[in-house]
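In case you want the letters, here they are:
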Amino acid sequence: MTAEMIAPEWMHRQITGEQYDSWTEEQCAGIEIVDGMVVVSPSVSKRHNRLARLLANALDAAGGEDWNADTDFDVRLQDVPLNNRRPDVVVYRADTLDESPTRPDHVLLLVEVVSPGSETTDRVVKLDQYAKAGIPFYWRVEQAAGRVPIVHTYVLDAASRSYVAGELCTGLVKAVVPYPVEIDLAGL
């Protein structure tokens, strides 16, 4: 079996932002770009998708007219080498709705829901990448069937470009992002 039988040729070479921007939405779905290389994300569960959607809906409602919260789109962290991440939830400035790609200065909060296969990336790699990109807030949500999700919140220390651990929330998330948010996760 050859590498081309497993993945197309374009997945085996470093790509630029211009090349990525020319791809269709179908080609971009389910992938991220790290240091210019394509990284295929594992499929997520219905529980994962539901939790991300509920968080996005609550954050969107709390954000008022200034902030939007959505799921399933790229955030361009860096142009060279290309780093595009596809967080589970993105809270971004409402006035950047039609700007593409979404840049770190458009973003207030990124949320990653940890799934089997993404633990190290979500706990270590993305934590560092998002901080270096200057994203003010990061939430990592740990989930397990039959248990209430746990939300680890982080706040950017701008001087060191690293995150400081914030509140650890179970069941009820009460946070300021910088607007007040209250999300009940106990029913999941």
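Structural data are supplied above this passage.
Attention here is on the structure that accompanies the text. (Residues numbered from 1 in each chain as written. Predicted model: local features only at pLDDT ≥ 70, side-chain atom pairs only at ≥ 80, totals over all residues. Heavy atoms only, no water.)

What to know about the environment of Val-75
Here is step 1: Assignment of secondary structure puts Val-75 in strand 4 (residues 75-78).
Here is step 2: Its relative accessible area of 0% is what places Val-75 among the buried residues.
Here is step 3: Spatially, the C-alpha atom of Val-75 lies 19 Å from that of Gly-63, the residues being 12 residues apart in sequence.
Here is step 4: Those residues in contact with Val-75 that lie beyond four places of it in its chain are Asn-83, Asn-84, Arg-85, Pro-87, Val-90, Thr-102, Arg-103, Val-107 and Leu-110. (Helix = DSSP H or I, 4+ residues; strand = E, 2+ residues; numbered from the N terminus. Buried < 20%, exposed > 50% of the residue type's maximum accessible area, 1.4 Å probe, protein only. Contact = heavy atoms within 4.5 Å.)

What about the pattern of salt bridges?
Here is step 1: For the coordinates displayed, the defined rule picks out 14 salt bridges.
Here is step 2: Salt-bridge contacts for Arg-86 lead to Asp-74; the nearest nitrogen and oxygen are separated by 3.1 Å. A residue pair is termed long-range when its members are at least 10 positions apart, and Arg-86 in the loop between strand 5 (83-85) and strand 6 (89-93) and Asp-74 in the loop between strand 3 (67-70) and strand 4 qualify at 12 residues. Asp-74 matches Arg-86 in its accessibility class, with the two residues each being buried.
Here is step 3: Here Glu-142 and Arg-123 are joined by a salt bridge, their closest N and O atoms 2.7 Å apart. (Salt bridge = Lys/Arg side-chain N within 4 Å of Asp/Glu carboxyl O.)

Observations regarding helix 5 (residues 119-133)
Here is step 1: Between the first and last C-alpha of helix 5 there are 20 Å, a value that for 15 residues agrees with the 21 Å anticipated at 1.5 Å per step.
Here is step 2: Lys-126 marks the point of greatest bend in helix 5, at about 40°.
Here is step 3: Looking only at helix 5, the buried set comprises Asp-122, Lys-126, Gln-129, Tyr-130, Ala-131 and Ala-133.
Here is step 4: Following helix 5 by one or two positions, Gly-134 has its phi on the positive side, about 90°. (Expected span 1.5 Å × (residues − 1). Bend = angle between axes of the 7 residues up to and from the residue.)

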